[in-house]
Amino acid sequence: MFASLGSLLAGSLIAGFFVMQSEPFRVAEDLEALLARIRQRLYPGTLPVLASYWLKTVDASGYGRRQWKKLSRLLKRGLGEQLPDAPSHQAIVSVQTRIQQKVVLAGRPSRPKPPRSERICATLSSDLLAPYVRRLLNEWLPAEAVRLLVNGNAATPPSDGGIPALVIGRALEGLLVRERLSPRALEMLLQPQLFPPRYVYPADAEILQDVILFLLGRKWASPWSVMPAELLCVAPDSLLPANYGEAVHHAFIAPRLGGEEVRVPIAPAQALEILKDEQLRIGSVMVTMDGRWWEAVRLQDREPHSVVYRPMGRLRLEYEADHVKLRVPCPETRLSWSGDTPLPDTFEIFGREWRLSHWEQDAERIWLHLVVSRVLTETVPNGDARWWRLRPVSVDLAWSALENALTSSIVQGSSEPIERFRHSDLIPLGCAIFELAKSLMRRRLPPCEVIEAQLRGIRYLEAQVSSKYGRVPWRILPAKVHASFFKIRSHPELVELVNQVFDSLPERFSEATSPDPRPSKAPTVGFTILDLTTTFARGQQFPNWSEVRG
C-alpha cells in the first residue's frame, strides 16, 4: 500500500514539474503567435485590432498572475526586435501597457476561462458563404459601426471621417455574436477563397479574421493568400483580348530574382497578335487578394505565353468627410488627353462600384481618384428560405430595435413600448412574443394548450412578414426569457413549434423531436392580422386556438 502511495505521490510531483516547465513555453508560444501575425499584417492601421483581440484571447485562455508577469517580461525584452516598423512596435507597446495597467500593477487575480455559453447550431451552407461574407463586410458592417458611433458606444471618429479600426472590430464581433454561428460556421468563414479583391477590402478581411479567431479561442493565424487576382483596368489602346478579365482569374505567382511576379496565361494566337505590333501594348493593372496592385511589364514570347506583372504598391481606402475614396493608377501615362477621358465609366473593386471623380499626374504616372457610386450586392433568389441570412442591413437593425422594445416591455410589464415600435408590420408579432414571454415567466406555467396556441399564433404572424424579415432570431429574447423556454423542454410538440418559429436556437432546442402526429392546426382564412393586432394592442391573452379556427 505504501509503495502504491509513493508511486502516486511521485507521479503527481513529476506531473506538476512538467506543468511548471510547460508554462513558460506556453507564454513564449503565445507571444510568438502574436509576432508572427504582426509580421503577416498587410495594413498597419489594423494592428490595434490584432493586439486587442489577441490579448482578449490570451485572457480568456485562463492566464494567471505568473503567466501575465512572464508575458510582460518577454514583451519588454522583445521590444525593438523582430518588428518591421513603427506601427508594429506601437502595437506591442499597447499590449504591454494594458498588461501593466490591468494585471500586474492592479494585482488582479487570475481570471478563469469564462464558461462556455449555450452552444448554438446556426450554420451556413457552402453556397451561402461567399454572399454572406460580402453582405457582412460591405453592408452590415458599415451600418453597425455607424450605430456604435452614433450611440456613443465607441471612440470619437478620427478627423479624416473614417471609422476607427477598433470600432470596426467591435461591430464585427457584435454582428457575429448576434448571428450565433456555430464554431464550424466560423471556421468556414476563414476560407481564403471567400475574400477575392473584387468583393472584399483586405483590411476589413484582416479584422474579420482577428474577431473570428478570438471567438474560436485561437491565437495563431494562417498566412494571408495572394491569389486570386482581379483585373482593375486596361489601357484604351491595349491589344489584350476582350475576355482578358477571365484569364486574370487563372493568374499565378512565380518567383523572380529579388522578389516575385504574377503571370497571366494567354493563348499562343493572342500572344502572336500582340507581338505583331511595334509597340508592346499590354497596359493593364490588376489587384491581388492582399491589396497589392500589379502593373504589366512584359509579354513572355515563348511557351507558355503569359503577360507578366510586377508589384507596385498597395491600394488603400481613403476617407474624406462622409465619402470613401480610392486612388488607383492609370495603366498608361500621357502628357494630356483630348476629349473625354478614354477610361471605363465605372470600376468594380473591394465590394463597391466606383466612378471617376478626377485625375492627377505626378512625375511617374497618372492617378485616378474614384468615389463610391454603389455597393456590389447579392441578388437573393425567391423561394429559397436559406437565403434570408443575406437580408439587407435594415432587417438586422429592425430586429435589434424590436429586441430593445421587447426588453422594455418585459421590464415595464406592458406592451406599450412594442406598440410604439416604428416598424408597424412587426408590432403584432412583437406583441405576440411578449405575451408568450409573460406566460413562460410566470411562477406557475400555463397549460400546454395555451402555450401551443401562442406559439402557433406567433408562427402565423411570422409567416406574414418572413419574406422580408425571415424567422424570429433567438437573440432578441432577453436572457431570463431564454431560461424560461427550457421549462417546456419535456413537451415535444412545443419544442417542435419553437424550432419552427425561432432561428439560431441553442443546441438543446436545435434538433426538433419527432413531428407532431396530431392533425395540423394551421389557421384558416378567417384568422386575420387585424383581429390579432386589436387583441394584442389591448394586452389581452391570445385566444384559445379552437375559438379562432373557422
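Residues numbered from 1 in each chain as written. Predicted model: local features only at pLDDT ≥ 70, side-chain atom pairs only at ≥ 80, totals over all residues. Heavy atoms only, no water.

Some details on the overall build of the protein
- From N to C terminus, the protein includes 19 helices and 13 strands.
- Classification of the 550 residues of the protein by burial places 46% in the buried group.
- Considering only contacts in the protein between residues 6 or more positions apart, those separated by 24 or more positions represent 68%. (Helix = DSSP H or I, 4+ residues; strand = E, 2+ residues; numbered from the N terminus. Buried < 20%, exposed > 50% of the residue type's maximum accessible area, 1.4 Å probe, protein only. Contact = heavy atoms within 4.5 Å.)

Brief notes about the packing of helix α6 (residues 165–179) against helix α8 (residues 202–216)
- Where α6 contacts α8, the axes come no closer than 9 Å and their chain directions differ by 50 degrees. In terms of their interaxial angle, α6 and α8 are classed as oblique. Like other packed secondary-structure pairs, α6 and α8 cross with a definite hand, here right-handed. Across the interface between the two elements, Ala165, Ile168, Gly169, Leu172, Glu173, Leu176 and Val177 of α6 pack against Asp204, Ile207, Leu208, Val211, Ile212, Phe214 and Leu215 of α8.
- Here the residues of the contact of α6 with α8 sort into 11 nonpolar, 1 polar and 2 charged. (Axes fitted to C-alpha atoms, helices over the stretch in contact; angles between N-to-C directions. Parallel < 35°, antiparallel > 145°, perpendicular 65-115°, else oblique. Left-handed = near helix turned anticlockwise from the far one by under 90°. Nonpolar A, V, L, I, M, F, W, Y, C, P; charged D, E, K, R; others polar.)

Observations regarding the packing of helix α2 (residues 47–60) against α8
- Taken N-terminus to C-terminus, the directions of α2 and α8 make an angle of 5 degrees; their axes are 9 Å apart at the nearest point. When the interaxial angle is binned, α2 and α8 end up roughly parallel. Here Val49, Leu50, Tyr53, Lys56 and Thr57 of α2 lie close against α8, whose contacting residues are Ile207, Asp210, Val211 and Phe214.
- Among the residues making up the contact of α2 with α8, the classes are represented as 6 nonpolar, 1 polar and 2 charged.

Regarding the environment of valine 472
- Checked against the element boundaries, valine 472 lands in strand β12 (residues 472–473).
- In this structure the C-alpha to C-alpha distance between valine 472 and glutamate 462, which are 10 residues apart in sequence, comes to 7.5 Å.

Focus on the sheet that holds strand β5 (residues 292–300)
- One open sheet holds the 6 strands; their spatial order is β1-β4-β5-β6-β3-β2, and the pairing between them is antiparallel. On the outer flanks of this sheet lie β1 (229–234) and β2 (252–256), each paired with one strand and no other. The mean inter-strand angle of the sheet, taken between neighbouring strand axes irrespective of direction, is 40 degrees.
- Direction of pairing for strand β3 (residues 259–265) relative to strand β6 (residues 306–314): antiparallel, over a ladder of 4 bridges. Each bridged residue has a counterpart across the sheet, and for proline 265 the counterpart in β6 is serine 306. (Pairing = 2+ DSSP bridges.)

As for the confidence of the model for the protein
- When pLDDT is averaged along the protein, the result is 77, and 74% of the positions lie at 70 or above.
- Low confidence marks residues 1–21, where pLDDT is under 50. Its contacts with residues over four positions away, or in another chain, come to 0 contacts.
- Taken together, the stretch residues 112–120 has pLDDT below 50 and engages in 16 contacts with residues farther than four places along the chain or on a different chain. (pLDDT = per-residue confidence, 0-100.)

Remarks on the pairing of β2
- Across 5 bridges, β2 lies against β3 in antiparallel orientation. By the bridge assignment for β3, proline 255 is matched with glutamate 260.
- Where β2 hands over to β3, the hairpin turn is made up of 2 residues, of which glycine 258 adopts a positive phi near 85 degrees.

Some points on the nonpolar core
- Formed by 39 residues in total, the largest nonpolar core has its most connected members in Trp399, Leu426, Leu429, Ile433, Leu477, Phe485 and Phe502.
- At the level of secondary structure, the elements contributing two or more residues to this core comprise α11 (393–412), α13 (427–441), α14 (448–469), α15 (479–485) and α16 (492–501).
- Here this core gets 9 residues from one element, more than from any other, and that element is α13.
- Setting aside residues up to four positions removed in sequence, leucine 477 forms contacts with Leu406, Ile433, His482, Phe485 and Phe502. (Core = buried A, V, L, I, M, F, W, Y, C linked by side-chain atoms within 4.5 Å.)

Thoughts on the environment of histidine 249
- Along the chain, histidine 249 turns up in the loop between α9 (244–248) and β2.
- Judged by its relative accessible area of 38%, histidine 249 is partly exposed.
- Spatially, the C-alpha atom of histidine 249 lies 8.6 Å from that of methionine 227, the residues being 22 residues apart in sequence.
- What histidine 249 contacts, discounting residues up to four positions off in sequence, is Ala229 and Glu230.
- A polar contact is formed between the side chain of histidine 249 and the side chain of glutamate 230, at a distance of 3.3 Å. (Polar contact = N/O pair within 3.5 Å; in protein donor to acceptor, adjacent residues only side chain to side chain.)

Topic: the packing of aromatic side chains
- On inspection of all chains with the given rule, the structure shows 11 aromatic pairs.
- For the ring pair tryptophan 474 and phenylalanine 485, a centre distance of 5.2 Å and an interplane angle of 65 degrees mean the geometry is edge-to-face. Here tryptophan 474 is found in the loop between β12 and α15, whereas its partner phenylalanine 485 is found in helix α15, with 11 residues between them in sequence. Both residues of the pair, tryptophan 474 and phenylalanine 485, belong to the buried class.
- Connected via pairs of aromatic rings, a cluster forms that spans Tyr43, Tyr201 and Phe350.
- Lysine 56 extends its terminal NZ or CZ atom over the ring of phenylalanine 214, reaching a point 4.6 Å from the ring centre.
- It is arginine 134 that lies over the ring of tyrosine 199; its NZ or CZ is 3.8 Å from the centre. (Phe/Tyr/Trp six-rings, centres within 6.5 Å; stacked < 30°, edge-to-face > 60°. Lys NZ or Arg CZ within 6 Å of the ring centre and 35° of its normal.)

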